[in-house]
Amino acid sequence: MQDGFDEIELDCLTGAVSYYIRVLNLWISRDLEKKLASLPVAGGTGKISTLFMVLHQPGITASEIMSFAGKDAPAMTRLVEKLIADGLLERRPDPDVRRRQQLFVTAAGREVLDRVREIVEREPEDAFWMLSKKEHAQTVALLRKIAAAYVERHNGLDWKRKKT
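Residues numbered from 1 in each chain as written. Predicted model: local features only at pLDDT ≥ 70, side-chain atom pairs only at ≥ 80, totals over all residues. Heavy atoms only, no water.

Tell me about the side chain of threonine 50, and please be specific about residues and values.
Positionally, threonine 50 belongs in helix H2 (residues 47-56). Residue threonine 50 is classed as buried on the basis of its relative accessible area, which comes to 0%. A distance of 2.6 Å separates a polar atom in the side chain of threonine 50 from the backbone oxygen of glycine 46. Every residue in contact with threonine 50, bar those within four places of it in the chain, is listed here: Ile65, Ala69, Met76, Leu79, Leu83 and Leu89. (Helix = DSSP H or I, 4+ residues; strand = E, 2+ residues; numbered from the N terminus. Buried < 20%, exposed > 50% of the residue type's maximum accessible area, 1.4 Å probe, protein only. Polar contact = N/O pair within 3.5 Å; in protein donor to acceptor, adjacent residues only side chain to side chain. Contact = heavy atoms within 4.5 Å.)

I'd like to hear about the environment of glutamate 33, residue by residue, with values.
Here glutamate 33 shows up in helix H1 (residues 17-36). When the C-alpha atoms of glutamate 33 and alanine 149 are compared, they prove to be 27 Å apart, with 116 residues separating the residues in sequence. With residues up to four places along the chain from it excluded, the contact list for glutamate 33 reads Ala42, Gly43 and Gly44.

Here it is in structure tokens:
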């Protein structure tokens, strides 16, 4: 089956997964940004995933989220500060370790996540209309496998293991 990529020469990029992920990220992110434009999580990356991680792991810290958000410490700090300033997150001192700051989603944050959930749940039809349900599930499974390996490589699960 031929497609538009057959008409251009990409050299070594023709078989590079990273190239296609980058192209998809650009197009899908543009479309998603349009849908999120009215929400305080629009613009930039990491806000939505951070909010969902905090929602489901109340008390998690910014440093524990970094690997999953693909951020370094300064970028993660800026992202958390923005979410706090927007009233979507709150920070509280850990009762056991005073230097540790735990994160919690606010009521406003929960409302935003409800709206985000509605948008993301339409993703298979809106962004991946060309895939069957089976192909979509396979694509998600493969990308999740790759992402999990990178997170694991960068010790992203260490925080969870220490608590159990």
